[in-house]
Amino acid sequence: MPIDVKAALSAEPTVREANWTERDVLLYHLGLGAGVNSLDPAELGWVYEKGLRVLPTFAMVAGQGISAGNLKPAGMNMPGIDIDLRKILHGGQALTLHAPIPTTGSARISSRVADVWDKGKAAVIVLEQSATDLDGNPLWTTGMQIWARGEGGFGGDAGPEVTNSVPEREADKVLVSPTSTQQALVYRLSADMNPLHADPAFAQMAGFDRPILHGLASYGVVCKAVVDGLLGGDPTRVQSYSVRFAGSIYPGETIETSVWQDGDTLTLLATCPERDGQPVLTHATMEVRS
């Protein structure tokens, strides 16, 4: 059986140590398109070590980039999970920040399968990761939803029902984030070296016209847009950030993020205007600190 739910849920967490430097943070931000206007002091704060700030979404790649010497495509190695990687899809991502991420640091990251949902034609594997500093102080917690096509129908819990809704009024803010044609080539140096994001022939075999931008790059682009456009450029104001991935974009296209604000809760919808508003990120919310 490709998914042994009991084995997956009962397995002990795996723990690894992650280390990163300012260079990793700078490269990550460049992979999100930061620094296009390097004379803008606000942009310089993302791409220059003097006064460097760290986007909270850096947590998704911490310890996986150049400093780690990680130049292999991302894979899946979890107890009880034996799935053809061509069947999986990154369906959703959640992040909760417990403390600001330092520009240089180390963390212990504990990973476990928190749940497995039966969606009929697919299974959803919920992978939870918790990071602490080396003194045991919490840094962040993430939840990744991995869709495994063709692996459902085992009689398990379908998981929570999520409705795709935004407020029935005009957005309070619309943030526009152009991407560059080489952006996926830069972003992949921070973590995911999957050829889908670089090799035109491989992308065509996967059903795309050309290489696509990483979903987690879109995730970071939208976070940066919100931090710059609504939070005064202060990444420490982000408390949590969760999304569902709804569609891919090609490097060079634009991500347009509509934002509805209700106190400290932001509802987000990211679309691609070059494709008549095709959704990119949905079910997206961000809790912010005042």
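For the structure, check the block above.
The paragraphs below set out a description of the structure included in this document. All figures in this text were calculated on a predicted structure; none of them were measured in a lab.

A look at the packing of aromatic side chains
Centre distance and the angle of the planes are the two values used to describe a pair of aromatic rings.
So, point 1. Evaluated as defined, the whole model comprises 6 aromatic pairs.
So, point 2. Ring geometry for Tyr-28 against Phe-58: centres 5.7 Å apart, planes inclined by 70°, an arrangement best described as edge-to-face. You can see Tyr-28 sitting in helix H2 (residues 22-31) and its partner Phe-58 sitting in the loop between helix H3 (41-47) and strand S2 (88-97), a full 30 residues away along the chain.
So, point 3. Given the relative accessible area of 1%, Tyr-28 is considered buried.
So, point 4. In this structure an aromatic cluster arises from ring pairing among Trp-20, Tyr-28, Phe-58, Trp-140 and Tyr-187.
So, point 5. Its end group placed over the ring of Trp-46, Arg-53 keeps NZ or CZ at 3.9 Å from the ring centre.

Quick look at the nonpolar core
So, point 1. Of all hydrophobic cores here, the largest spans 56 residues; its most connected members are Phe-58, Trp-140, Tyr-241, Leu-268 and Met-286.
So, point 2. Element by element, the count of residues in this core is highest for helix H6 (residues 215-230), at 9 residues.
So, point 3. The contacts of Tyr-241, once residues within four sequence positions are left out, are Thr-57, Gln-93, Ala-94, Leu-95, Tyr-219, Val-222, Cys-223, Leu-268, Leu-281, Thr-285 and Met-286.
So, point 4. Counting 13 residues, the second largest nonpolar core, distinct from the first, contains Ile-3, Val-113, Ala-123 and Ile-125.

Overview of empty space enclosed by the protein
So, point 1. Applying the stated criterion across every chain, the model contains 2 cavities of 30 Å³ or more.
So, point 2. A volume near 50 Å³ is recorded for the largest cavity.
So, point 3. Around the largest cavity, the lining residues are Trp-20, Asp-24, Leu-27, Phe-58, Val-61, Ala-62, Gly-63, Gln-64, Gly-65, Ile-66, Leu-189 and Ser-190.
So, point 4. A breakdown of the residues in the lining of the largest cavity according to their chemical character gives 7 nonpolar, 4 polar and 1 charged.
So, point 5. Approximately 30 Å³ is the volume found for the second largest cavity.
So, point 6. Lining the second largest cavity, in full, are Met-60, Gln-93, Leu-127, Gln-129, Thr-142 and Met-144.
So, point 7. When contributions to the lining of the second largest cavity are tallied by element, the ones reaching two or more residues are strand S4 (122-132) and strand S5 (138-149).

Some details on the pattern of salt bridges
So, point 1. Scanning the model with the defined rule gives 5 salt bridges in all.
So, point 2. The salt bridge partner of Lys-224 is Glu-43, with a shortest N-O separation of 2.7 Å. Placement of the pair is Lys-224 in helix H6 and Glu-43 in helix H3, with a sequence separation of 181 residues. Per residue, the accessibility class of Lys-224 equals that of Glu-43, and both read buried.
So, point 3. In this structure, Arg-112 engages Glu-128 in a salt bridge whose closest nitrogen and oxygen atoms are separated by 3.1 Å. One end of the pair, Arg-112, is in strand S3 (residues 105-118); the other, Glu-128, is in strand S4, and 16 residues separate them in sequence.
So, point 4. By relative accessible area, which is 24% here, Glu-128 ends up partly exposed.
So, point 5. Sharing partners across several salt bridges, the network here consists of Glu-43, Lys-224 and Asp-228.

Let's talk about the sheet that holds strand S8 (residues 254-262)
So, point 1. Strand order in the open sheet made by the 10 strands is S1-S3-S4-S5-S2-S7-S10-S9-S8-S6, with antiparallel pairing throughout. Each edge of the open sheet is held by one strand with a lone partner, namely strand S1 (14-20) and strand S6 (173-178). Neighbour to neighbour, the strand axes of the sheet diverge by 20° on average, direction disregarded.
So, point 2. Looking at chain direction, S2 and strand S7 (residues 238-245) are connected through 5 bridges and run antiparallel. Note on S7: the bridge partner recorded for Gln-93 is Val-243.

Analysis parameters
- Residues numbered from 1 in each chain as written.
- Predicted model: local features only at pLDDT ≥ 70, side-chain atom pairs only at ≥ 80, totals over all residues.
- Heavy atoms only, no water.
- Phe/Tyr/Trp six-rings, centres within 6.5 Å; stacked < 30°, edge-to-face > 60°.
- Helix = DSSP H or I, 4+ residues; strand = E, 2+ residues; numbered from the N terminus.
- Buried < 20%, exposed > 50% of the residue type's maximum accessible area, 1.4 Å probe, protein only.
- Lys NZ or Arg CZ within 6 Å of the ring centre and 35° of its normal.
- Core = buried A, V, L, I, M, F, W, Y, C linked by side-chain atoms within 4.5 Å.
- Contact = heavy atoms within 4.5 Å.
- 1 Å grid on protein atoms, 1.4 Å probe; cavity = no way out; pocket = protein on both sides within 12 Å on 5 of 7 lines; lining within 4 Å.
- Points joined across faces, edges and corners; volume = space filled by probe spheres on them.
- Nonpolar A, V, L, I, M, F, W, Y, C, P; charged D, E, K, R; others polar.
- Salt bridge = Lys/Arg side-chain N within 4 Å of Asp/Glu carboxyl O.
- Pairing = 2+ DSSP bridges.
- Axes fitted to C-alpha atoms, helices over the stretch in contact; angles between N-to-C directions.

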